[in-house]
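Take a look at the letters that make up each chain.
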Amino acid sequence: MRKILIVGAGQSGLQLALGLQSRGYEVTLMSNRTADEIRSGRVMSTQCMFHTALQHERDLGLNFWESQAPDIEGVGVSVAGPGSARVIDWVGRLDGHAQSVDQRVKMAGWMETFAQRGGQLVIHGAAVGDLDYFSRAYDLVLVSAGKGELVSMFERDPERSPYAAPQRALAVAYVHGLGPRPEHPEFDAVRCNLVPGVGELFVMPTLTTSGRADILFWEGVPGGPLDVFQGVKDPDEHLSLTLGLLEEFLPWEYARATKAELTDAGGTLAGRYAPTVRKPVGRLPGGGLVLGVADVVVANDPITGQGSNSASKCAASYLSAIVEHGDRPFDEAWMRATFERYWATARHATKWTNAMLAPPPEHVLTLLGAAGDLKPVADRFANGFNDPADFEDYFYEAARAEAYLAEVASA
């Protein structure tokens, strides 16, 4: 029986651990927190997952909360113009529903399941020296802890990382008491609100530790009017800032948020990081090799909601590569090939995310405006969140966008 060590108990680490466990591998999972500490701690992300990523969970029988989490059936786009008026406002329908399950709920539940099924769970914050020792006892070591000392083992790939600094200041609040959008009360949607030159607000329903809730997620251009959350420790102050910015920049969202209250004292999160692609193989002091997983090696800004989706897709891709490899050694060539196989998918999410961080070119504004009148355009853009590869065909080049809009209009 092949022995595998996974360091980091997030979406990718746990999904991969449970997948390998179900196929008979002897898996050890290292986490720096217990399930109870995760469940009672601070929110970790916004994690809106679309059809393909959710299907990877279903394939492993890990969709424990699918019947409880609200179904997200659309993606809406609104753009603020002069005087905070809406100049663009539409919603596209998803072919398959999306869902958001608070990672405090999911990771704690998955971790307990892993242990109940006989997996070895080690509660210990791993350092490079620990991995140097452990690597001699395992056939493969995977690092899926996307923060801290371990990430420094993986070299930044400058050819795939156009940004050296954070492009957005991030601020998240989980709330109860948010009213529905009156325009489309019949179904739940993620709402993407764009304030040109200032930043973006995303609003999405979620399942949290206290039941159904909504997430208010600001992405502010660094140094701009939304970049005010750094150093804010008090959750109530964080919510007050969130709502004040809503009132100033997005009055149509503020109108349904006047009764919003935090779900719990751990329901806020703020930070920033530079979007970075890293080389996939880390070398330990004793000569051993480790393979980076998900946002250890591909960390995109959350502006396009791809983080948990990419983590799920990475775990599924790596699981297939490990099982297919049989009893052969997990050498450096295999590690690099395994990452490139994942990158064939991940590169589309990275390209789209990096494009959305930049000021939109004229043809993209035209596309977004046309989606208000042409439902197929709105629906196609919405479904790009599930499959970003589709943007290659119509989004990046003005000529292709123009041809696509002409084709839809004539139909």
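Higher on the page you've got the structure.
Notes on the structure follow.

Criteria and cut-off values
- Residues numbered from 1 in each chain as written.
- Predicted model: local features only at pLDDT ≥ 70, side-chain atom pairs only at ≥ 80, totals over all residues.
- Heavy atoms only, no water.
- Helix = DSSP H or I, 4+ residues; strand = E, 2+ residues; numbered from the N terminus.
- Rg over C-alpha atoms; globule rule 2.2 N^0.38 Å.
- Buried < 20%, exposed > 50% of the residue type's maximum accessible area, 1.4 Å probe, protein only.
- Contact = heavy atoms within 4.5 Å.
- Areas by Shrake-Rupley, 256 points an atom, 1.4 Å probe, with all protein chains shown as cover.
- Disulfide = S-S within 2.5 Å.
- Salt bridge = Lys/Arg side-chain N within 4 Å of Asp/Glu carboxyl O.
- Phe/Tyr/Trp six-rings, centres within 6.5 Å; stacked < 30°, edge-to-face > 60°.
- Lys NZ or Arg CZ within 6 Å of the ring centre and 35° of its normal.

## Comments concerning the overall build of the protein chain
Along the backbone of the protein chain there are 12 helices and 17 strands. The C-alpha radius of gyration of the protein chain comes to 21 Å, within 12% of the 22 Å expected for a compact globule of 411 residues. Of all 411 residues assigned to the protein chain, the portion counted as buried reaches 56%. A fraction of 76% describes how many contacts in the protein chain between residues 6 or more apart in sequence connect residues 24 or more apart. For the protein chain, the exposed area adds up to about 16,600 Å²; of that, 51% sits on carbon and sulfur atoms.

## Side note on the state of the cysteines
The bond known as a disulfide is covalent and runs between the sulfur atoms of two cysteines. Within this structure, the stated rule accounts for 0 disulfides. Of the cysteine sulfurs around Cys 192, a residue in no disulfide, the closest is that of Cys 48, at 9.1 Å. The thiol of Cys 314 is not disulfide-bonded; the next cysteine sulfur, from Cys 48, is found 19 Å away. Given a relative accessible area of 0%, Cys 314 falls into the buried group.

## A short note on the pattern of salt bridges
Tallying each qualifying case throughout the model produces 27 salt bridges. Salt-bridge contacts for Arg 136 lead to Asp 132; the nearest nitrogen and oxygen are separated by 3.9 Å. With relative accessibility at 13%, the residue Asp 132 sits in the buried group. Put simply, Glu 340 and Arg 160 hold a salt bridge, and the shortest N to O gap is 3.2 Å. With Glu 340 in helix H9 (residues 332-357) and Arg 160 in the loop between strand E7 (140-143) and strand E8 (169-176), this residue pair connects regions lying 180 residues apart in the sequence. Owing to a relative accessible area of 37%, Glu 340 belongs among the partly exposed residues under this scheme. A relative accessible area of 24% means that Arg 160 is categorised as partly exposed. Three or more residues joined by partner-sharing salt bridges are found here, namely Arg 86, Asp 89, Arg 181, Glu 253 and Arg 256.

## Regarding the side chain of Ser 12
By the element assignment, Ser 12 lies in helix H1 (residues 11-22). Ser 12 has contacts with Ser 144, Val 293, Ala 294, Ala 311 and Ala 315, leaving out every residue within four places of it along the chain.

## Describing the packing of aromatic side chains
Within the structure shown, the criterion is met by 20 aromatic pairs. With 5.6 Å between their ring centres and 65° between their planes, Tyr 133 and Phe 134 make a pair best called edge-to-face. Accessibility expressed as a relative area gives 23% for Phe 134, which makes it partly exposed. Here the aromatic rings of Trp 352 and Phe 385 are separated by 4.8 Å at their centres, their planes lie at 85°, and the arrangement is edge-to-face. In this pair, Trp 352 sits in helix H9 while Phe 385 sits in the loop between helix H11 (375-383) and helix H12 (398-410), placing the two residues 33 residues apart along the sequence. Residue Trp 352 is classed as buried on the basis of its relative accessible area, which comes to 0%. The buried category is assigned to Phe 385, whose relative accessible area is 7%. Through a chain of ring-to-ring contacts, the aromatic side chains of Phe 50, Trp 90, Trp 352, Phe 381, Phe 385, Phe 391, Tyr 394, Phe 395, Tyr 396 and Tyr 404 assemble into a single cluster. Positioned over the ring face of Tyr 396 is Lys 351, at 4.4 Å from the centre of the ring.

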